[in-house]
Amino acid sequence: MVWQADPVDASDLESDLAKTLITPEEISDRLAELSRDIERDYEGKDLLLVGVLKGAVMVMADLARSLDRHIEMDWMAISSYGSGTTSSGVVRILKDLDTDITGRHVLVVEDIVDTGLTLSWLISNLSSRGPASVEIFTLLRKPDAQRMQVKVNYVGFEIPDEFVVGYGLDYDQRYRNLRQIATLASHVYS
C-alpha cells in the first residue's frame, strides 16, 4: 500500500492566502481544452514538450497526461527570480536540455508569463539550436505586466498583475503544492 497525504488546499493556509483565483477543477477543464488544440495543431508531428523548472512541474505533468498521443519530455531550469516577488531581469541557465532539438517541434511549457523578458530570452536561445518550430504553452499570463512582446500559442488563463502561488508557483520555495492558484496575503512577503 502506498501512503498518500491529503492534498494541500487553501483551507490549510487560510491566513497566508488572500483569495483563490483559479480552482483545481477550472485548471483541469482548461488543460483538457488546450490538449485537444495541441493534438490538432501537432497532428502527424513529433512533439517534444520542454518544461521550465521548477514552476511548470505540475502543469507539465497534467498536460502530458491529458494528451492522447505520444510525446517526449525534457526539462530546462532557468532563473530570473530571487526569493522576492519581481523578476531580476538577469537570466541564468541552471539546467540545460538533455535532448538535441535540431529539427524537432518544441512546445515550451511554462507556469506563468508576466514581463516576457525571461521567456523572450529562452525562445531566442532555443531557436538558435535549429528546431523545426518553437511554440509556447503557459498556464497563466499577466497581460498588464508584459514588457516584452512574446507570442504565446496556448494560454490557460489571463490573470491580473498580482503575485500568485500554487499549482507549481512558489514564494520562497513554498506553496507549490497548493492545488489551486491563489494570491498571497501581503503579510507573507512584506
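Our structure is the block above this text.
Residues numbered from 1 in each chain as written. Predicted model: local features only at pLDDT ≥ 70, side-chain atom pairs only at ≥ 80, totals over all residues. Heavy atoms only, no water.

Caption draft 1: Looking closely at the overall build of the protein. The helix and strand tally for the protein stands at 4 helices and 9 strands. N-terminal to C-terminal, the α/β element order of the protein is β-α-β-α-β-β-β-α-β-β-β-β-α. Residues counted as buried form 46% of the 190 residues belonging to the protein. If you sum the accessible surface of the protein, you get close to 9,900 Å²; carbon and sulfur atoms cover 47% of it. (Helix = DSSP H or I, 4+ residues; strand = E, 2+ residues; numbered from the N terminus. Buried < 20%, exposed > 50% of the residue type's maximum accessible area, 1.4 Å probe, protein only. Areas by Shrake-Rupley, 256 points an atom, 1.4 Å probe, with all protein chains shown as cover.)

Caption draft 2: Fine view of the nonpolar core. Formed by 27 residues in total, the largest nonpolar core has its most connected members in Ile38, Phe137, Leu140 and Ile181. Elements that contribute at least two residues to this core include exactly α1 (24-41), β2 (47-53), α2 (57-66), β5 (105-113), β6 (133-141) and β7 (154-158). Ranked by size, the runner-up nonpolar core spans 19 residues in total, among them Met76, Ile101, Leu119 and Val152. (Core = buried A, V, L, I, M, F, W, Y, C linked by side-chain atoms within 4.5 Å.)

Caption draft 3: Here's a closer look at the sheet that holds strand β8 (residues 164-165). Spatial strand order, β1-β9-β8: 3 strands in an open sheet with antiparallel pairing. Of all strands in the sheet, those with a lone pairing partner are β1 (17-22) and β8, marking the two edges. For β8 and strand β9 (residues 181-184), the ladder comprises 2 bridges, and the chain directions are antiparallel. Looking at the pairing, valine 164 lines up with threonine 183 of β9. (Pairing = 2+ DSSP bridges.)

Caption draft 4: Structural detail: the pairing of strand β3 (residues 72-79). With 6 bridges connecting them, β2 and β3 associate as parallel partners. The residue bridging leucine 49 from the neighbouring strand is methionine 73, located in β3. Chirality of the crossover, the property in question, places the unit of β2, α2 and β3 among those that are right-handed. Examined bridge by bridge, β3 and strand β4 (residues 92-95) share 3 bridges and lie antiparallel to one another. Note that in β4 the partner of isoleucine 78 across the bridge is isoleucine 93. (Right-handed = clockwise from strand over helix to strand, strands pointing away.)

Caption draft 5: Seen up close, the sheet that holds β6. The 6 strands lie next to each other as β4-β3-β2-β5-β6-β7, forming an open sheet whose pairing is mixed. Edge positions in the sheet fall to β4 and β7, since each has one partner strand and no second. Strand-to-strand twist across the sheet, computed as the mean angle between neighbouring axes with direction ignored, equals 30°. Of the strands in this sheet, β2, β3, β4, β5 and β6 are in contact with helix α3 (residues 117-127), which crosses β5 at around 170°. (Axes fitted to C-alpha atoms, helices over the stretch in contact; angles between N-to-C directions. Contact = heavy atoms within 4.5 Å.)

Caption draft 6: Structural context of α2. Those residues of α2 that sit buried are Val59, Met60, Leu63, Ala64 and Ser66. Axial view of α2: buried residues confined to an arc of 165°, hence all on one face. Structurally, α2 contributes buried residues whose contacts are with α1, β2, β3, β5 and β6. (Arc of directions from axis to C-beta.)

Caption draft 7: Fine view of the pairing of β6. In terms of residue burial, β6 counts as a mostly covered element, since 7 of its 9 residues are buried. Both β5 and β6 contribute to a ladder of 8 bridges, which runs parallel. From the neighbouring strand, valine 108 faces β6, where its bridge partner is isoleucine 136. In the classification by handedness, the crossover that spans β5, the intervening α3 and the parallel β6 is right-handed. Direction of pairing for β6 relative to β7: parallel, over a ladder of 4 bridges. Bridging from a neighbouring strand, arginine 141 pairs with glutamate 158 of β7.

Caption draft 8: Just the packing of α1 against α2, in detail. Axis separation between α1 and α2 bottoms out at 9 Å; the angle between their running directions is 60°. With respect to their mutual orientation, α1 and α2 come out oblique. Of the two elements, α1 crosses α2, and the hand of that crossing is right-handed. On α2, the residues touching Leu31, Ser35, Arg36, Ile38 and Glu39 of α1 are Val59, Asp62, Leu63 and Ser66. For the contact of α1 with α2, the residue count by class is 4 nonpolar, 2 polar and 3 charged. (Parallel < 35°, antiparallel > 145°, perpendicular 65-115°, else oblique. Left-handed = near helix turned anticlockwise from the far one by under 90°. Nonpolar A, V, L, I, M, F, W, Y, C, P; charged D, E, K, R; others polar.)

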